[in-house]
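# Understanding the architecture of this molecule
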Amino acid sequence: MKELPIPTFDLSPRKIRLIPLLLRQRLRRPGFAANANVPLPLVPSMPEPIAKPIQTKAPADSEGTRLDVRWARHLDEIRDAQRLRYEVFSEEMGATLSGPVPGHDIDRFDDFCEHLLVRDADTGLAVGTYRVLTPVQAQRAGSLYSDAEFDLTPLDHLRPHLVEVGRSCVHADYRSGAVIMALWGALAAFMRDNQLDTMIGCASIPMRHNGLPAGHAAASIWEQVRTQYLADPQYHVTPRLPLPVDALRNDAEVEPPALIKGYLRLGTKVLGAPAWDPEFNSADLPMMLRVADLPARYRKRFMEG
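Model, not experiment: these values are computed from the prediction.

This next bit is on unusual backbone geometry. Here arginine 167, not a glycine, exhibits a phi torsion of approximately 50°, which is positive. Structurally, arginine 167 is set in strand 6 (residues 162–170). Since its relative accessible area comes to 11%, arginine 167 is described here as buried. Notably, asparagine 281 is not glycine yet its phi reads approximately 50°, a positive angle. Turning to its location among the elements, asparagine 281 is positioned in the loop between strand 10 (275–277) and strand 11 (282–290). A relative accessible area of 38% means that asparagine 281 is categorised as partly exposed.

Below, the structure written as structure tokens:
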């Protein structure tokens, strides 16, 4: 069995008896630096953040579906998340994905990430997911995922208390809002419990969005957000493969994807112009949320626990 930096077992407690947390912790291996094109600055020694291996109940959605939230601790649970990602990103959105397991979205960062899952409590179906790369695990991986898309040098001083979130998706039949709120609540608890203060990630806009082809929607959304939600200049990052926004229409009346609108309501800032991601056929906006920037009502809802 392959040992992962985050302790992960082949089967979950649904199939084998739960292995005590103490035994799982003994499997943690020393840090290492994986080969990467964009090495990370050294992260000062600090306790490794832990995603508490507990199951919590989330409020039911608008149709009364009961939801369970948990951090994956077994390989079959991670496979559930990867399968949901494939269904949304490849089958629904048209991303070109290849990997070692057909029908799953898998990349090298999965081995280093914590994986958050929301399930339908009645059916066990995985209906929402995020993955989280902590400072220590980013050092082991050799980079953040976003380092391949952007020059993140202006954020180097934030890395010791910064997590990267990504691969967010919700099952098509569960997009009432309850699933994403459950995910955000668990992420907030993780940040609070581990004294982390910054989240970054890439928020994707499909190249064909709201009927507009060829990135015109992404260019128009960038034009909207840059006037109101752009971060202070010292945090601006540069795309490695920029979306050619100057060659695209940027005056279309188009709404950002729901997830991006949600991020902006939380106080998230846009760090610069979008990159083009050919694999996912999307424009990716670099975004950053600092706990200090949460509006009071969201701070009370998510951070006071």
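All right, on to the side chain of serine 282 then. With respect to the helices and strands, serine 282 occurs in strand 11. Owing to a relative accessible area of 1%, serine 282 belongs among the buried residues under this scheme. Engagement of the side chain of serine 282 in a polar contact is seen with the side chain of aspartate 284, the distance being 3.1 Å. Apart from the residues lying within four places of it in its own chain, the contact partners of serine 282 are Ser204, Ile205, Pro206, Met207, Ala275, Trp276 and Asp277.

The α-helix advances 3.6 residues per turn, and as a result positions three or four apart in sequence lie on the same side. All of the buried residues in helix 5 (residues 216–228) are Ala217, Ala218, Ala219, Ser220, Ile221, Trp222 and Val225. Residues of helix 5 that are buried make contact with strand 7 (198–206), helix 6 (258–265), strand 9 (269–270) and strand 11.

The next thing to look at is the confidence of the model for the protein. Per-residue pLDDT for the protein averages 84, and the proportion of residues at 70 or more is 79%. Between residues 1–37, whose pLDDT stays under 50, and residues either more than four places distant or in other chains, the model counts 76 contacts. The low-confidence segment residues 42–47 (pLDDT under 50) makes nine contacts with residues lying over four places distant or belonging to another chain.

For the coordinates displayed, the defined rule picks out 19 salt bridges. Here arginine 85 and aspartate 105 are joined by a salt bridge, their closest N and O atoms 2.9 Å apart. Residue arginine 85 is found in helix 2 (residues 75–92), and its partner aspartate 105 is found in the loop between helix 2 and strand 3 (114–120); the two are separated by 20 residues along the sequence. Each member of the pair, arginine 85 as well as aspartate 105, carries the same accessibility label: buried. For aspartate 110, the salt bridge goes to arginine 131, with nearest N and O atoms at 2.7 Å. Here arginine 131 lies in strand 4 (residues 126–133) and aspartate 110 lies in the loop between helix 2 and strand 3, a separation of 21 residues in the sequence. Owing to a relative accessible area of 2%, aspartate 110 belongs among the buried residues under this scheme. Taken together, the shared-partner salt bridges connect Arg85, Asp105, Asp107, Asp110, Arg131 and Arg167 into one network.

Attention now goes to the environment of proline 257. For proline 257, the position within the fold is in the loop between strand 8 (238–239) and helix 6. The class for proline 257 is buried, based on a relative accessible area of 14%. Spatially, the C-alpha atoms of proline 257 and isoleucine 205 are 6.8 Å apart, while their sequence positions differ by 52 residues. Setting aside anything within four residues of it in sequence, one finds proline 257 in contact with Ser204, Ile205, His209 and Ile221.

On a regular strand, one side chain projects to one face of the sheet and the next to the other, so that they alternate. Examined bridge by bridge, strand 6 and strand 7 share three bridges and lie parallel to one another. Looking at the pairing, glutamate 164 lines up with isoleucine 200 of strand 7. As defined by bridge partners, strand 7 adjoins strand 11 across nine bridges and the pair is classed as antiparallel. Residue pairing for strand 11: cysteine 202 is matched across the bridge by proline 286.

Conventions used here
Residues numbered from 1 in each chain as written. Predicted model: local features only at pLDDT ≥ 70, side-chain atom pairs only at ≥ 80, totals over all residues. Heavy atoms only, no water. Helix = DSSP H or I, 4+ residues; strand = E, 2+ residues; numbered from the N terminus. Buried < 20%, exposed > 50% of the residue type's maximum accessible area, 1.4 Å probe, protein only. Polar contact = N/O pair within 3.5 Å; in protein donor to acceptor, adjacent residues only side chain to side chain. Contact = heavy atoms within 4.5 Å. pLDDT = per-residue confidence, 0-100. Salt bridge = Lys/Arg side-chain N within 4 Å of Asp/Glu carboxyl O. Pairing = 2+ DSSP bridges.

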